[in-house]
Amino acid sequence: MKIPISRTDLSETEINSVLEPLGTGWLVQGPKVREFEEKWSAFTEARNSIAVTSCTSALHLSLAALGFGSGDEAIVPAFTWISTANVIEHLGGKVVFCDIDLKSFNLDLDQIESKISLNTKAILPVHLFGLPVNMEPVLALAKKHDLWVVEDAACGFGSRFKEKHVGTFGHTGCFSFHPRKAITTGEGGMITTDDDLLAEKLRRLRDHGAAMTDLQRHLGPRPYLLADHPEAGYNHRMTDLQGALGAAQMYRAGDIVAKRQSLARKYDQAFESLGWLRTPLVHHDQEHGYQSYPCLFMPEEIERGNITETNHLRNQWMDHLQKNGISTRPATHAVHLLNFYKEKYQLKPEDFPNAYAADQCSISLPLFHGLTEEEQLYVIDKVLEYKN
Ligand SMILES: Cc1ncc(COP(=O)(O)O)c(C=O)c1O
């Protein structure tokens, strides 16, 4: 049996949805993107949803629209996908890493305040793998120090903190539609915000700074006149092919989340007595969307400081699973270990010990909504075989 880490699972109707824009010839951002945005707002209860080309461009546009710029500092977890940090670099800012809590893989809330300086302008909490960050202390710190909060909710579809969807707490929330995410448009992203003025600015910036979208112009009284461009924007527009695909999946949004949660529960139950594999821990006020199923390998060895040996054993185990047809991955990477950041900021692994341990000793097991019962039982058997 061959089980990938993730498999795209689109229905025939969803696949066929792209035929409509292909048929009408409206391929760029238009009615289908607008439909997807409306459905996204309905599901997340965000006041505004703005579709873009990726979560990375969502993060970039958010910071740019808020006014983040040269010399400004932003706090990001040291364990996240590299683009959470890259967008700060793209705007001439300084990345300030903060270590994570090894139990949640999310920001260590007790360390954030010590990272705030006179130049700090923003915090980027990451709801990693779909586990919501406890936003209360983050918002309190942001208020106290007058900071922007840009939520990296790349993995946060269906994730809720105290019943409120992630991405709706901060100034903006940023989502990804990369194929490993619960809803996919190939590449793609969404920005959510409750601030109408900010939403307007984001809409302009994604579209070359235009005062009016192509769709508004075509539907308006004088479609033959071009729009003004009050600012120098970017081209971060989603295509209508992607919009159609995204909108089509929103019909079963609730089912997609429920299926992922039920798969996760099966893994939780099967592995609950394994001391050597720590499965995702979820607090009662968090709803996990399970973009993935990240575990910590041999947590007791990590506590004893045996990172190198544990990493060696984890890699051997990943090899073994791969030979048995099961794909796994490290949950994500520690950004301070990656050469650009290591060199530029002169960072050592031990500067963020939990991010380092997570990088070396985490393992994500296959979890995607098309995972069959037979496939999951096979994964469970192979995991239980180890050391038994
Ligand atoms: C936490 C996090 N942030 C940002 C991104 C970037 O998303 P995209 O590939 O849509 O730019 C990812 C992608 O996996 C991610 O996991």
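Scope of this entry: the structure provided in the associated data block. Remember, predicted model here, so these are calculated numbers, not experimental data. (Residues numbered from 1 in each chain as written. Predicted model: local features only at pLDDT ≥ 70, side-chain atom pairs only at ≥ 80, totals over all residues. Heavy atoms only, no water.)

By the criterion of burial, helix α14 (residues 353-361) is predominantly enclosed, with 7 of the 9 residues buried. Burial in α14 covers these residues: A355, Y356, A357, A358, D359, Q360 and C361. Buried residues belonging to α14 abut β12 (293-297), α11 (299-303), α12 (307-323) and β13 (362-365). (Buried < 20%, exposed > 50% of the residue type's maximum accessible area, 1.4 Å probe, protein only. Helix = DSSP H or I, 4+ residues; strand = E, 2+ residues; numbered from the N terminus. Contact = heavy atoms within 4.5 Å.)

At a closest axis distance of 10 Å, the pairing of helix α4 (residues 55-66) and helix α7 (residues 196-206) adopts a crossing angle of 120 degrees. Considered as vectors, α4 and α7 are oriented oblique to each other. As α4 packs across α7, the resulting crossing turns out to be right-handed. The residues of α7 that touch α4, namely those facing L61, S62, A64, A65 and L66, are L198, K201, L202, L205 and R206. Among the residues making up the contact of α4 with α7, the classes are represented as 7 nonpolar, 1 polar and 2 charged. (Axes fitted to C-alpha atoms, helices over the stretch in contact; angles between N-to-C directions. Parallel < 35°, antiparallel > 145°, perpendicular 65-115°, else oblique. Left-handed = near helix turned anticlockwise from the far one by under 90°. Nonpolar A, V, L, I, M, F, W, Y, C, P; charged D, E, K, R; others polar.)

Close contacts around the ligand come from 15 residues, with C55, T56, D152, S176 and K181 the closest. A distance of 2.9 Å is found between an oxygen atom of the ligand and a backbone nitrogen or oxygen belonging to C55. Contact between the ligand and K181: an oxygen atom at 2.7 Å from a side-chain N or O atom of the residue. Relative to its unbound accessible area of 390 Å², the ligand is 88% covered by the protein chains. When residues of the shell around the ligand are traced back to their parent elements, those giving at least two are α4 and α5 (83-90). (Near = heavy atom within 4 Å. Polar contact = N/O pair within 3.5 Å; in protein donor to acceptor, adjacent residues only side chain to side chain. Areas by Shrake-Rupley, 256 points an atom, 1.4 Å probe, with all protein chains shown as cover.)

Time to look at the sheet that holds β13. Taken together, 3 strands build an open sheet; the order of strands is β10-β12-β13 and the sheet is antiparallel. Each having just a single partner strand, β10 (277-278) and β13 make up the two edges of the open sheet. Of the strand pairs in this sheet, β12 and β13 are connected by 4 bridges, and their pairing is antiparallel. Residue pairing across strands places P294 opposite S364, the latter belonging to β13. The sheet contacts of helix α10 (residues 253-271) involve β10, β12 and β13, and relative to β12 the element is tilted by about 20 degrees. Against the sheet, α14 contacts β12 and β13, and its axis sits at roughly 50 degrees relative to β13. (Pairing = 2+ DSSP bridges.)

With that settled, consider the pattern of salt bridges. Applying the stated rule across the entire model yields 21 salt bridges. When the shortest N-O distance is used, the salt bridge between R7 and E375 registers 3.0 Å. Within this pair, whereas R7 is found in the segment before α1 (12-16), its partner E375 is found in helix α15 (residues 373-385), the two being separated by 368 residues in sequence. A relative accessible area of 32% means that R7 is categorised as partly exposed. Look at the salt bridges and you will find they share partners, linking E20, K32, E35 and K39 into a network. (Salt bridge = Lys/Arg side-chain N within 4 Å of Asp/Glu carboxyl O.)

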